[in-house]
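# Results of the structural survey
Residue strings, one per chain:
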Amino acid sequence: MYQKSKISFFILAVLAVSFSCNSTKPSYNRENLKATWVADTFDGTLADPLRWTVQKFDDNGGLTVNGVCDIGDGNRSWGTCSLKYQAYCCDLSYYGSVKGFFGIPVSAEISRKYAFASSLDSLVALDITEEKINGETVFSDHNRLTMRKLRAKYAVNDSLVGIWQTASRDEEKFETWRMMFENSGRFTFSVQKPSGEWVQIGQGDDKYFLY
């Protein structure tokens, strides 16, 4: 009787481990991750947009990160970096060289490990289990990262192309700014003078990027 109970317990334990990630498809987390995501929420709080990143996980273990980079001295620029990732049933890790991303203004080697806290078709929550910069263990300012899946149609330029004029600011009427988005990715910003004349700001060589 004891031996039979012991065997039953072992079978239950194996089943518990097997189904702990996804009861119907253990590979779901890994396969669902192969998409483009906006990482914008830390510990349940929506972050400042300057900290958002667009993360694209491809089929071959490549991770492309796009976002606003810290280039030092209070300056920022749009940037891209390429990393490698590995994803399994319940965990994710990525590593590579970064500069200006994740609060690291200088060139550095980074590696991070996560555990899947939850994984849905359009929303993934990851808990940081380990983080290293240049081989040294560091501690992030957050424990959980939440990412939203980006649908392809959100990044179609013609949904934004044209001239847009502000209507309000802080719930008060404000109609003196205009922004022109071109299909080529060119962006122009104009303001209205008291005389009513619209004046372009900048050299007209600014670019825009869609999340």
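Residues numbered from 1 in each chain as written. Predicted model: local features only at pLDDT ≥ 70, side-chain atom pairs only at ≥ 80, totals over all residues. Heavy atoms only, no water.

For the protein chain, the helix and strand inventory stands at two helices and 16 strands. Per element, the accessible surface of the protein chain, about 13500 Å² overall, is 54% carbon and sulfur. (Helix = DSSP H or I, 4+ residues; strand = E, 2+ residues; numbered from the N terminus. Areas by Shrake-Rupley, 256 points an atom, 1.4 Å probe, with all protein chains shown as cover.)

For the rest of this paragraph, the subject is the sheet that holds strand E15 (residues 186–192). Read from one edge of the open sheet, four strands run E11-E14-E15-E16, paired in antiparallel fashion. Lying at the two open borders of the sheet, with one neighbouring strand each, are strand E11 (162–165) and strand E16 (198–207). The mean angle between the axes of side-by-side strands here comes to 20 degrees, regardless of whether they run parallel or antiparallel. (Pairing = 2+ DSSP bridges. Axes fitted to C-alpha atoms, helices over the stretch in contact; angles between N-to-C directions.)

Now for the packing of aromatic side chains. Note on aromatic pairs: each is described by the distance of the centres and the angle between the planes. Applying the stated criterion across every chain, the model contains eight aromatic pairs. Relative to Tyr85, the ring of Phe57 lies with its centre 5.0 Å away and its plane at 85 degrees, an arrangement referred to as edge-to-face. With Phe57 in strand E3 (residues 53–57) and Tyr85 in strand E5 (residues 75–87), this pair connects stretches of sequence that are 28 residues apart. Accessibility expressed as a relative area gives 3% for Phe57, which makes it buried. Members of the aromatic cluster, each reached through a chain of ring pairs, are Tyr94, Phe101, Phe102 and Tyr114. If you follow Arg112 out to its NZ or CZ, it ends over the ring of Phe102, 4.6 Å from the centre. (Phe/Tyr/Trp six-rings, centres within 6.5 Å; stacked < 30°, edge-to-face > 60°. Buried < 20%, exposed > 50% of the residue type's maximum accessible area, 1.4 Å probe, protein only. Lys NZ or Arg CZ within 6 Å of the ring centre and 35° of its normal.)

Oppositely charged side chains may form a pair once their charged atoms are brought near each other. Counting across every chain of the model gives nine salt bridges. For Arg51, the salt bridge is made with Asp141, and the minimal N-O distance between the two is 3.2 Å. Of this pair, Arg51 sits in the loop between strand E2 (45–46) and E3 while Asp141 sits in the loop between strand E9 (136–137) and strand E10 (144–149), and the two are 90 residues apart along the sequence. With a relative accessible area of 58%, Asp141 lands in the exposed category. Put simply, Glu175 and Lys173 hold a salt bridge, and the shortest N to O gap is 3.9 Å. We classify Glu175 as partly exposed; its relative accessible area is 35%. Because the salt bridges share partners, they merge into one network encompassing Arg30, Glu31 and Lys34. (Salt bridge = Lys/Arg side-chain N within 4 Å of Asp/Glu carboxyl O.)

Assignment of secondary structure puts Gln55 in strand E3. Of the polar contacts made by the side chain of Gln55, one reaches the side chain of Thr53; its length is 3.1 Å. Beyond its immediate chain neighbours, meaning those up to four positions away, Gln55 contacts Ala35, Thr36, Trp37, Ala39, Leu63, Thr64, Val65, Phe102 and Met147. (Polar contact = N/O pair within 3.5 Å; in protein donor to acceptor, adjacent residues only side chain to side chain. Contact = heavy atoms within 4.5 Å.)

This brings us to the state of the cysteines. Taken as a whole, this structure holds zero disulfides when the rule is applied. Looking at the unpaired Cys69, the closest cysteine sulfur is the one in Cys81, lying at 7.2 Å. Overall, Cys81 belongs to the buried group, its relative accessible area being 7%. (Disulfide = S-S within 2.5 Å.)

With that settled, the discussion passes to the side chain of Thr53. Mapped onto the fold, Thr53 is located in strand E3. Every residue in contact with Thr53, bar those within four places of it in the chain, is listed here: Trp37, Val38, Ala39, Val65, Asn66, Phe101 and Phe102.

Let us look at the environment of Phe42. Looking at the element boundaries, Phe42 is found in strand E1 (residues 36–42). Excluding anything up to four places from it in sequence, Phe42 contacts Ala47, Arg51, His142, Arg144 and Leu145.

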